[in-house]
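The primary structure of each chain is shown beneath.
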Amino acid sequence: MPDVAAGVEQACHRGFRRAGRIIERARDSGQLRPDFEPEDLVTLVWAMSQVIRESMATAPDTWRRCLAFFLDGLRAGAARPIAVPPLTPGQLSEVMRAR
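For clarity, every value in this text was computed on a predicted model and none was experimentally measured.

So, how was this worked out
Residues numbered from 1 in each chain as written. Predicted model: local features only at pLDDT ≥ 70, side-chain atom pairs only at ≥ 80, totals over all residues. Heavy atoms only, no water. Salt bridge = Lys/Arg side-chain N within 4 Å of Asp/Glu carboxyl O. Helix = DSSP H or I, 4+ residues; strand = E, 2+ residues; numbered from the N terminus. Buried < 20%, exposed > 50% of the residue type's maximum accessible area, 1.4 Å probe, protein only. Lys, Arg positive; Asp, Glu negative; His and termini not counted. Contact = heavy atoms within 4.5 Å. Axes fitted to C-alpha atoms, helices over the stretch in contact; angles between N-to-C directions. Parallel < 35°, antiparallel > 145°, perpendicular 65-115°, else oblique. Left-handed = near helix turned anticlockwise from the far one by under 90°. Nonpolar A, V, L, I, M, F, W, Y, C, P; charged D, E, K, R; others polar. 1 Å grid on protein atoms, 1.4 Å probe; cavity = no way out; pocket = protein on both sides within 12 Å on 5 of 7 lines; lining within 4 Å. Points joined across faces, edges and corners; volume = space filled by probe spheres on them.

Trainee: Help me out: how do you make sense of the pattern of salt bridges in this one?
Mentor: Where side chains of opposite charge bring their charged atoms close, a pairing between them can arise. In this structure the tally under the stated criterion is five salt bridges. Across the pair Glu37 and Arg27 runs a salt bridge whose closest N-O atoms are separated by 3.6 Å. With Glu37 in the loop between helix 1 (4-28) and helix 2 (38-55) and Arg27 in helix 1, this residue pair connects regions lying 10 residues apart in the sequence. Classification of Arg27 by relative accessible area gives partly exposed; the value is 23%. Between Asp35 and Arg33 there is a salt bridge, with the nearest N and O atoms lying 2.6 Å from each other. Judged by its relative accessible area of 33%, Asp35 falls in the partly exposed class.

Trainee: Would you explain the side chain of Asp40 in this entry?
Mentor: Following the sequence through the fold, Asp40 ends up in helix 2. Notably, Asp40 is buried but unbridged: the nearest opposite-charge side chain belongs to Arg27, and the N-O separation is 7.0 Å. Those residues in contact with Asp40 that sit more than four places away from it in its chain are Asp35 and Pro86.

Trainee: Can you help me understand the packing of helix 2 against helix 4 (residues 89-98) in this one?
Mentor: For any two helices packed against each other, the geometry is given by the interaxial angle and the distance between the axes. For the pair helix 2 and helix 4, the least separation of the axes is 10 Å and the interaxial angle reads 25°. Relative to helix 4, the element helix 2 lies roughly parallel. The way helix 2 lies across helix 4 gives a crossing that is left-handed. Residue-level contacts link Glu39, Val42 and Trp46 of helix 2 to Pro89, Leu92, Val95 and Met96 of helix 4. Among the residues making up the contact of helix 2 with helix 4, the classes are represented as six nonpolar, no polar and one charged.

Trainee: I'm lost on the layout of surface pockets in this one. Help?
Mentor: The probe, sized like a water molecule, is rolled over the atoms to show the empty space still left. There is about 470 Å³ of room inside the largest pocket. Cys12, Phe16, Val42, Leu92 and Met96 are, among the 15 residues lining the largest pocket, the residues nearest its centre. Elements represented by at least two residues in the lining of the largest pocket include exactly helix 1, helix 2 and helix 4. Grouping the constituent residues of the lining of the largest pocket by class yields nine nonpolar, two polar and four charged. Lining of the second largest pocket is provided by 14 residues; of these, Phe36, Asp40, Ile82, Val84 and Pro86 occupy positions nearest its centre. Counting residues per element, the ones that place at least two in the lining of the second largest pocket are helix 2 and helix 3 (62-74). Among the residues forming the lining of the second largest pocket, the class breakdown is eight nonpolar, two polar and four charged.

Structure representation (structure tokens):
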């Protein structure tokens, strides 16, 4: 029987690479803010998962509002300089392992 955890990890890596290509195309087209990196997507998904988990019982559609704010803030026209850089791939791995 194949190692399920290894298969999941490989699928995550493939998805991350594909998301990176989509992010690159969106930046290149001028639709996505130029400083957005694939590692930023991971932290946004992580944040959204927390909103979903914590609000599901009380207000199950709260995530929709949060996502709208995230998406609006990702538009190139809404971009403002950010003093904090994105996580490096190593930092991202460390954060995800700590979970």
